[in-house]
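As a plain string of letters, each chain reads:
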Amino acid sequence: MNTLEINPSLEEDDLARLFGGGKSSGFSRGVALRIDKLKGILKKLLTPELCYRKVNIDSINNGSVCLQGGPSFKSPKLSRTLKSCETIICFIATIGCQIEKEIRQLTSRNGLAGAYILDSMGSVAVESMAEKFHRRMESQYKAQEKGVTLRFSPGYCDWPVTEQKKLFNVFDSSQLGVTLSDSCLMQPRKSISGVFGVTPSNGKTPGQYNPCTDCKKYDCIARRG
Ligand code: SF4
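Analysis parameters
- Residues numbered from 1 in each chain as written.
- Predicted model: local features only at pLDDT ≥ 70, side-chain atom pairs only at ≥ 80, totals over all residues.
- Core = buried A, V, L, I, M, F, W, Y, C linked by C-beta atoms within 7 Å.
- Buried ≥ 20, exposed ≤ 12 C-beta atoms within 10 Å, placed from the backbone.
- Helix = DSSP H or I, 4+ residues; strand = E, 2+ residues; numbered from the N terminus.
- Contact = placed C-beta atoms within 7 Å.
- Axes fitted to C-alpha atoms, helices over the stretch in contact; angles between N-to-C directions.
- Parallel < 35°, antiparallel > 145°, perpendicular 65-115°, else oblique.
- Left-handed = near helix turned anticlockwise from the far one by under 90°.
- Nonpolar A, V, L, I, M, F, W, Y, C, P; charged D, E, K, R; others polar.
- Arc of directions from axis to C-beta.

(A) Quick look at the nonpolar core. One finds Ile88, Ile89, Cys90, Phe91, Ala93 and Leu118 to be the most contacted residues of the largest nonpolar core, which totals 47 residues. Among the elements of the structure, α2 (29–45), β2 (49–61), β3 (64–67), β5 (87–94), α4 (98–108), α5 (112–142), α6 (164–169) and β9 (191–199) are those that each provide at least two residues to this core. With 10 residues, the top contributor of residues to this core is α5. For Cys90, the contacting residues outside a window of four places in its chain are Tyr52, Arg53, Val55, Leu167, Val170 and Val195.

(B) Geometry of the packing of α2 against α4. Interhelical geometry of α2 versus α4 gives an angle of 140° and a closest axis separation of 8 Å. Classified by the interaxial angle, the pair formed by α2 and α4 is oblique. Crossing angle aside, the handedness with which α2 passes α4 is right-handed. Residues Ile41, Leu42 and Leu45 of α2 touch α4, and the partners they reach there are Gln98, Ile99 and Glu102. A per-class count over the contact of α2 with α4 returns four nonpolar, one polar and one charged.

(C) Region of the structure containing α4. Listing the buried residues of α4 in full gives Ile99, Glu102, Ile103 and Leu106. For α4, the buried positions fall inside an angular range of 100° around the axis, keeping them on one side. Exposed and facing more than 90 degrees away from the buried side of α4 are Lys101, Arg104, Gln105 and Ser108. Buried residues in α4 make contact with α2 and α5. Looking one or two residues past α4, Asn110 carries a phi angle of roughly 70°, positive in sign.

Laid out in structure tokens, this is it:
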């Protein structure tokens, strides 16, 4: 298992997207001031950790991706995306649990708006870690004339959230800063697990499959262009 230091960041346009669309320039003065104040608080609460493993793919068929030594991930969209890959990268990222305490305190003091904004900021921060990791690996592989596929997480697209258990089994749980409940929820809550494939060419292969192009889930905020 490998670990990486990746600092979360907070893109306000991503926050605006979570608030229902538009750009951060559309925030009211009150919301913008509140976000500025919470940014300082969030910075002190972050304890980011990211671990990952590269695993060889044994076979891809019948909508499943079978890893060498197990497990086998069941998702037709994931299998189609990874069809040319020999290796998969599995990762788990978290910003830690300190933010939860602050959200609970704000809620108990009736600071519901602040709690909601901080919760959303936590989601954007952990997503930024996954995105930076994905991009970092992409440039590493580019130097080897390889590329990476789009990123997938259990619970999105057609990959059932229950497959989260299989993904966690790829790691040594005693070294993880994230645990999984029986209902497959991660603790700390502001964590992301996922995978992407390593492609044998530079990732710009014409016709590389993007499942979002023919997906009917029009309200999906994770849609890739
Ligand atoms: S639009 Fe959303 S649900 Fe559909 S394939 Fe893309 S990420 Fe998955």
